Amino acid sequence: MMDKETEAQLTAIRRQLATLCEEMQFLRKHRNVLSGTPILEFDEVCSLLRQSARSVRRLRETGQLVGFTFGRRRFYAMTEVQSFIARMTSAPKSPKPTNPNQEKVDERESEQ
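Residues numbered from 1 in each chain as written. Predicted model: local features only at pLDDT ≥ 70, side-chain atom pairs only at ≥ 80, totals over all residues. Heavy atoms only, no water.

In this section: the overall build of the chain. Secondary structure summary: the chain contains five helices and four strands in total. Order of helices (α) and strands (β) in the chain, N terminus to C terminus: α-β-β-α-α-β-β-α-α. In the chain, which comprises 112 residues, the share counted as buried stands at 17%. A separation threshold of at least 6 residues defines the contact pool for the chain, and within that pool the share at least 24 residues apart is 42%. Surface accessibility of the chain: about 9,400 Å² in total, with carbon and sulfur atoms responsible for 53%. (Helix = DSSP H or I, 4+ residues; strand = E, 2+ residues; numbered from the N terminus. Buried < 20%, exposed > 50% of the residue type's maximum accessible area, 1.4 Å probe, protein only. Contact = heavy atoms within 4.5 Å. Areas by Shrake-Rupley, 256 points an atom, 1.4 Å probe, with all protein chains shown as cover.)

This is the structure we're talking about:
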């Protein structure tokens, strides 16, 4: 019988394996390579990041995700997408913006 901690670890490992299998299947099908680096098309990046086309465009416009154009098509290096994912997962979560009205209510309550 497994304890809850072991079960949670196994679940996390299963999730990681599923993600790795998904990425490996994707890479097997992927044929675009530039200097040994897999190159992703725009729609592949949207799918990999699970973001809408507009969100990925916004990431490009703000410089968070760097790609290049060839003719009229936009491409991204797999290494760039992976480093973007790493930056996003390692970045500290920003605190929720405070409600200025709530601060006033808190101040009034502390004064009473």
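That covers the picture; the talk isn't over yet.
Moving on: the pairing of strand β2 (residues 37-41). Regular strands have side chains that alternate between both faces of the sheet. Here strand β1 (residues 33-34) runs beside β2; their pairing, made up of two bridges, is antiparallel. Along β2, the bridge assignment pairs Leu34 with Thr37. Counted along the chain from β1 to the antiparallel partner β2, the turn is two residues long, and its residue Ser35 has a positive phi close to 55°. Summarising the sheet, β2 and strand β4 (residues 73-77) pair through three bridges and their orientation is antiparallel. The residue bridging Ile39 from the neighbouring strand is Ala77, located in β4. (Pairing = 2+ DSSP bridges.)

With that settled, the discussion passes to a nonpolar patch on the surface. A surface patch of nonpolar side chains, amounting to about 280 Å² of accessible area, comprises Ile13, Leu17 and Leu20. Relative to the helices and strands, Ile13 is located in helix α1 (residues 4-29). Exposure remark for Ile13: the relative accessible area of 43% places this residue in the partly exposed category. (Patch = residues over 30% accessible without salt bridge, like charges linked within 9 Å, V, L, I, M, F, W, Y side chains within 5 Å. Salt bridge = Lys/Arg side-chain N within 4 Å of Asp/Glu carboxyl O.)

So, on to the side chain of Glu80. Structurally, Glu80 can be placed in helix α4 (residues 78-90). Owing to a relative accessible area of 18%, Glu80 belongs among the buried residues under this scheme. Sequence-distant contacts of Glu80, that is, excluding residues within four places in its chain, are made with Gln64, Leu65, Val66 and Arg87.

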